[in-house]
Structures are given as structure tokens and as C-alpha cells.
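# Observations on the three-dimensional arrangement
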Amino acid sequence: MKKLPKRINLTLKIWRQQGSEKKGHFETVAARDISVHMSFIEMLDSVNEQLAMEGKDPIAFDNDCREGICGTCGAVVDGRAHGPQKATTLCQLHMRQFSDGDTIVVEPFRARAFKVLKDLVVDRSPLDKIMTAGGFISVNTGGAPDGNALPIAQEIAEKAMDAAACIGCGACVAACPSASAMLFVSGKISQLALLPQGKPEAARRALNIVKTMDVCGFGNCSNHRECENACPKELSIVNIARLNREFFKASFFSDET
Amino acid sequence: MSWLIQTFSSSIGKKLLMAVTGLSFIGFLAAHLAGNLTIYAGGAAFNTYAEKLHALGPILTVFELGLLVFALLHVITGITLFVQNFKARSVPYEKDRSAGGRTLSSVTMPYTGIIILGFVVFHLINFSFVDKSDRTIFEIVRSAFANPVYMIIYVVVMIIVALHVRHGFWSAFQTLGANHPKYMPALMVLSVIVGLMIGFGFGLLPIYLWTVR
Ligand code: HEM
Ligand code: SF4
Ligand code: FES
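Residues numbered from 1 in each chain as written. Chains lettered and ligands numbered in written order. Predicted model: local features only at pLDDT ≥ 70, side-chain atom pairs only at ≥ 80, totals over all residues. Heavy atoms only, no water.

Time to look at unusual backbone geometry. All names here are of chain A. Not every positive phi belongs to a glycine, and His 82 is a case in point at roughly 65°. Given the relative accessible area of 1%, His 82 is considered buried. For Asp 119, which is not glycine, the phi torsion reads 45° and is therefore positive. Its place among the elements puts Asp 119 in the loop between strand E6 (115–118) and strand E7 (121–123). Accessibility expressed as a relative area gives 1% for Asp 119, which makes it buried. (Buried < 20%, exposed > 50% of the residue type's maximum accessible area, 1.4 Å probe, protein only. Helix = DSSP H or I, 4+ residues; strand = E, 2+ residues; numbered from the N terminus.)

What follows is the structure, encoded as C-alpha cells:
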């Protein structure tokens, strides 16, 4: 068996932008002596140490958990949101996916709704606005109800859990040729509409959340299916169909406007 | 009524318009193709079909007006979506690779659509708004396709229509909310089949007419 090379040298063609109002540009940066066991984020750490040594400005990027659960990291690597590996966040993408001598293009998530703050850091607060508009249920305070008082079929619970797996990373927006946030939104709508706790506010939620999504400047879904293929949590566009049904139900058959 | 305007000006509402009008066009194309297939039975059969169709009188007019309204909705909404989607990605990617979703059909929808629009105008000028007092419709059609330029334009446009329908068909079901693992895989296959049927069904006719010119 051929032994994997332990260390590789790469060339990064990486987006640099001083601030949201500044003009950005691509810069060529060498990534030397990168262990193939590093994650993409660790590789950027290593490049930043080098840049700091040379007295240069380190590359700004978002990250937090580094284990694929928080949704903070993300960039478009070689034309793919979160890089070339399916169902993987950038922090879980390992450098063994690349070969010695590769040139890798690294860009921020691009969408009119996501302003670039610095280098690879983008402002994803429009996703928070969507959450505030309807990504919740209202619960009265008081004694906790009995856990078994509300029967929920196993299959329904599974579907809701699949939708709830979304970590809000925004890769669906980045990957969508129309920069649509429909997969993210459909996750929230599905997770709540499937469960009895979400039903009382379902109509209002659907209308408010879609209104907010449109106001934020995301594009319209064209059913390209890039989102479900880029999503690190593999949310399916079955959820988008459910979002559409919930929206039609709310628009044509509910008292909400 | 403000709720209605609000619904159809939303992103999902606009897609609802595209889906309903688009599926209606596919229904229209199926009927149109069934009629055109009479050409294979000869000029007399085709002329009889055309006469029977026009004998419908006001029913036909209502149908045509409906198609015109749907066409306006589909085109205006389609162009709006295209412009909005273009703006939504304010800065294009330096390197843009498919994650495995998009198809040639899906990414070319606005362009195939615009070509179809141009073609429909051309087609109506050719065969609808034409002096039919001294020639039968079959004669008009046959003389048109004796010209290889017409034949080629029609065949190429039919391939383009097939591309539009290949994505549009399943996409419309998805937009309407009809996506379930029970039948979506079948719908995706059916979408290709419907596209091929429209492409071959309409596309072979000009070639046939040219060979028997
Ligand atoms: C033969 C005539 C046509 C048929 C059968 C047809 C059918 C369809 C169908 C079924 C869809 C899918 C709707 C959805 O995704 O929900 C669609 C989408 C679309 N159509 Fe057409 N169409 C036709 C003509 C046109 C024309 C003349 C235009 C001119 C602008 C056009 C532009 C578009 C665009 C831009 C979309 C994509 C909308 C989006 O998903 O963002 N189509 N069409
Ligand atoms: S749906 Fe997937 S890609 Fe979109 S924000 Fe959620 S986890 Fe990220
Ligand atoms: S840093 Fe938390 S998902 Fe990548």
C-alpha cells in the first residue's frame, strides 16, 4: 500500500478584504508543511502563524466548535461551500482531501444578504432575523407537562429531528445559484410544523418567516438542488416542499395575513 | 385582496405562478402535439384536424386568451425571478462548482425561456397570422419546412423546449409542495421522459416534412 505523504505544500488563492466597505481582492498565499491530518481551519491557523511571523495581517475566518456542530465556520473552497467533501463542515474537512502542489481558491460565502465583514467572515445575521420572525414556539410558563401527554409518532419525530439538524451555517445560501435561504427556512418550518407544539402558530410562522426571508434580500428557490448537496447536515428539499405547503395553507386557508 | 397581492409577490407565490402556468403549457403542448401528429396521416387529415379545431369558435378563443394571460404571467414572473436571483448573488464566485444538484436544464431556464418566447412570436407569424385564403394550412406548413433554414430553426428550438421542460416538469411539482420519497424519484424520471417526448415528438415533424418536400 502506498503511504500517504505526511506533509503537503499548497498555494491558497484567498479572498482578502479589509472591511465591509473596502474593496476586496484575491491574494496568493503559500501554505507550507501542512499535515494531511489537519482540518482546513487548522491549516488556516498554520498559515496565519506564518503571516504573523512575517508581520502581515492574518486571514480572518469564523469558527467555534471545530467539530461540525455549531455552524460558525464556512467558506467556499474550490467552488464548493464547505469544500469538496459531502456532509462536512469546513472545520471537519481534512487536508488529506488535497494533494501536494494544489492551488486552492478560498472565498467567503457570497450573497447580497451576507455582507463580507473581513476576509472570509460574513454577516449571517439575516438568518437570525428569520429565527426571530418565526423560528420559535411560544410556551406558557408553569408546571412542566407530562412528557407522554402528547403522543408523537416515531416517523414524525424522526422527520422533525432531521429538519432540526440544521446548524444555521448558511452553506445552502452560499451554494444556491440564486442565493436562496429556502433550505434553512424549510428546516425551521418543518421542525416546528411537524410537531404538535408548533401547530398553533404554524400559519403565522409561515407567513412571517417568508416575509422576512424576502425582505433580507435572499434569492428565490429555482429547485437547482445545490443546497441539499452542500448542506453539512444533509437536509433534504423535501423540507422545502413542506415549507411551500405550509405557506400555501397559511396564505389561502388561514385567517392570518 | 391585499393578502392575494402579498401572496403572489412573495418568493414562493411567484414560484406558484410559474408552476401553475408552466404545467398548463406542458398540458397545452401535449394537446398541440397530439394534433400535429395527424401530419403523419397526410395533408388531408391535418387539414381536417385544423378545421375541426377552428370550428370550436368561441371556445377556442377563450382558450387562446387564457394561454395569452398565462404566457404573460409566466414571462413577466420568470424575468422578475431571473433579475432578483441575479442580484441576490451580488458578487459572483471566482470558482463555482456544482455540489451535484444543478443540471444543464436547471441553470439555463431563463435563457431557454427567452428563446422560447422569441420562437413563439416567430411561430405565430409563420402559421397563425398568415393569409390562409388561397392555401390550406398543410400547404403552408409543408412549404415552410421545405426550406432547410426553417427546418433547422424548429428542430433546434424543440431541443431547447425539451431542456426547459426536463427541469420544469418535476420542479413545478416540487414548487407545488408535491415531493415525497414515495413518488419523487419517479417524477424525476418522468420529467426526463416528458422532455424527450416533447423534443422528439415536435422535433421529428419538421425533419419528416423536409424529407417529403
Ligand atoms: C413552451 C413553453 C413553456 C413551458 C412548457 C414552460 C414550463 C415551465 C415550467 C413547468 C417551469 C417550472 C416552474 C417551477 O419551477 O415551479 C418553468 C420555469 C421557468 N420558465 Fe418556463 N415554460 C415555457 C415558456 C417560458 C418562456 C417563454 C419563458 C420566458 C421568459 C420562461 C421562463 C421560465 C423561467 C425563468 C423559469 C424558472 C423560474 C425559476 O425557477 O426561477 N418559460 N417553465
Ligand atoms: S440547511 Fe444545511 S446548509 Fe443550510 S444553514 Fe442549515 S445546516 Fe447549513
Ligand atoms: S466551527 Fe463549529 S461547525 Fe465548524
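Turning next to the coordination of the iron atom of ligand 1. Residue and element names in this part refer to chain B. Within the protein, the atoms that donate to the iron atom of ligand 1 are His 74 (NE2) and His 164 (NE2), at distances of 2.0 to 2.1 Å. What the six donor atoms of the iron atom of ligand 1 show is an angle range of 88 to 179° at the metal, which sorts the shape as octahedral. Taken together, the positions of His 74 in helix H4 (residues 58–88) and His 164 in helix H8 (residues 148–176) put the pair 90 residues apart, joining distant regions of the chain. Exposure class is identical for His 74 and His 164. Each is buried. (Donors = N, O, S within 2.8 Å, 3.2 Å for Na, K, Ca; no water. Tetrahedral: all angles 85-135°; square planar, octahedral: opposite > 155°, others 65-115°.)

A word on the domain arrangement of chain A. All names here are of chain A. Annotation of chain A at the domain level lists domain 1 (7–117) and domain 2 (124–139 + 150–253). Distance from the C-alpha centre of domain 1 to the C-alpha centre of domain 2: 28 Å. Each partner contributes residues to the interface: domain 1 has 20 residues there, and domain 2 has 21 residues. Here domain 1 packs against domain 2, burying approximately 1500 Å² in sum over the two surfaces, 59% of which is carbon and sulfur. Inspection of the region where domain 1 meets domain 2 yields one salt bridge. Across the pair Arg 124 and Asp 62 runs a salt bridge whose closest N-O atoms are separated by 3.4 Å. (Domains from an automatic or database assignment. Contact = heavy atoms within 4.5 Å. Buried area = accessible area lost by both parts, 1.4 Å probe. Salt bridge = Lys/Arg side-chain N within 4 Å of Asp/Glu carboxyl O.)

Residue and element names in this part refer to chain A. Counting across every chain of the model gives 15 salt bridges over all chains. Two residues, Glu 21 and Lys 115, come together in a salt bridge whose shortest N-O distance is 3.9 Å. Of the two residues, Glu 21 sits in the loop between strand E1 (7–16) and strand E2 (25–35) while Lys 115 sits in strand E6, which places them 94 residues apart along the sequence. Take Glu 21: its relative accessible area is 70%, and that puts it in the exposed class. Measuring nitrogen to oxygen at the nearest pair gives 4.0 Å for the salt bridge that ties Arg 205 to Glu 201. Summarising the burial analysis for this pair, Arg 205 and Glu 201 share the class buried. A cluster of three or more residues bridged by salt bridges with shared partners is formed by Arg 16, Glu 27 and Asp 119.

What follows concerns the site of ligand 2. Residues and elements named next belong to chain A. Taken together, the neighbourhood of ligand 2 is formed by Cys 166, Ile 167, Gly 168, Cys 169, Gly 170, Ala 171, Cys 172, Leu 183, Phe 184, Cys 231, Pro 232 and Leu 235. Listing elements by their share of the shell around ligand 2, those giving two or more residues are helix H4 (171–175) and helix H5 (182–193). Here the residues of the shell around ligand 2 are counted per class, giving 10 nonpolar, two polar and no charged. (Near = heavy atom within 4 Å. Nonpolar A, V, L, I, M, F, W, Y, C, P; charged D, E, K, R; others polar.)

Another point: helix H8 (residues 238–253) of chain A. With 16 residues, H8 of chain A extends 22 Å between its outermost C-alpha atoms, agreeing within 8% with the 22 Å of an ideal straight helix rising 1.5 Å per residue. The set of residues buried in H8 of chain A consists of Asn 239, Ile 240, Ala 241, Arg 242, Leu 243, Asn 244, Glu 246, Phe 247, Phe 248, Ala 250 and Ser 251 of chain A. (Expected span 1.5 Å × (residues − 1).)

Our focus in this paragraph is the pairing of strand E5 (residues 103–107) of chain A. Residues and elements named next belong to chain A. Extensive coverage of E5 is indicated by the burial of four of its five residues. The pairing of E1 with E5 spans four bridges and is parallel. Bridging across to E5, Leu 12 finds its partner in Ile 104. By the bridge criterion, two bridges tie strand E3 (residues 76–77) to E5 in an arrangement that is antiparallel. The residue of E5 that forms the bridge with Val 76 is Glu 107. (Pairing = 2+ DSSP bridges.)

Let us now look at a nonpolar patch on the surface. Nonpolar side chains collect at one region of the surface, where Leu 37, Tyr 40, Val 192, Leu 196, Phe 200, Leu 204 and Ile 207 of chain B lie side by side and expose about 600 Å² of accessible area between them. Classification of Val 192 of chain B by relative accessible area gives partly exposed; the value is 33%. (Patch = residues over 30% accessible without salt bridge, like charges linked within 9 Å, V, L, I, M, F, W, Y side chains within 5 Å. Areas by Shrake-Rupley, 256 points an atom, 1.4 Å probe, with all protein chains shown as cover.)

This paragraph deals with the site of ligand 1. Lys 15, His 74, His 164, Ser 171 and Thr 175 of chain B are the nearest of the 25 residues found near ligand 1. Flanking ligand 1 are residues from chains A and B. Interatomic distance of 2.8 Å between a side-chain N/O atom of His 74 of chain B and a nitrogen atom of ligand 1. In the environment of ligand 1, an oxygen atom lies 2.8 Å from a nitrogen or oxygen atom belonging to the side chain of Thr 175 of chain B. For the shell around ligand 1, the secondary structure elements donating two or more residues are helix H2 (11–36), H4, helix H6 (109–127) and H8 of chain B. For the shell around ligand 1, the residue count by class is 14 nonpolar, 10 polar and one charged. (Polar contact = N/O pair within 3.5 Å; in protein donor to acceptor, adjacent residues only side chain to side chain.)

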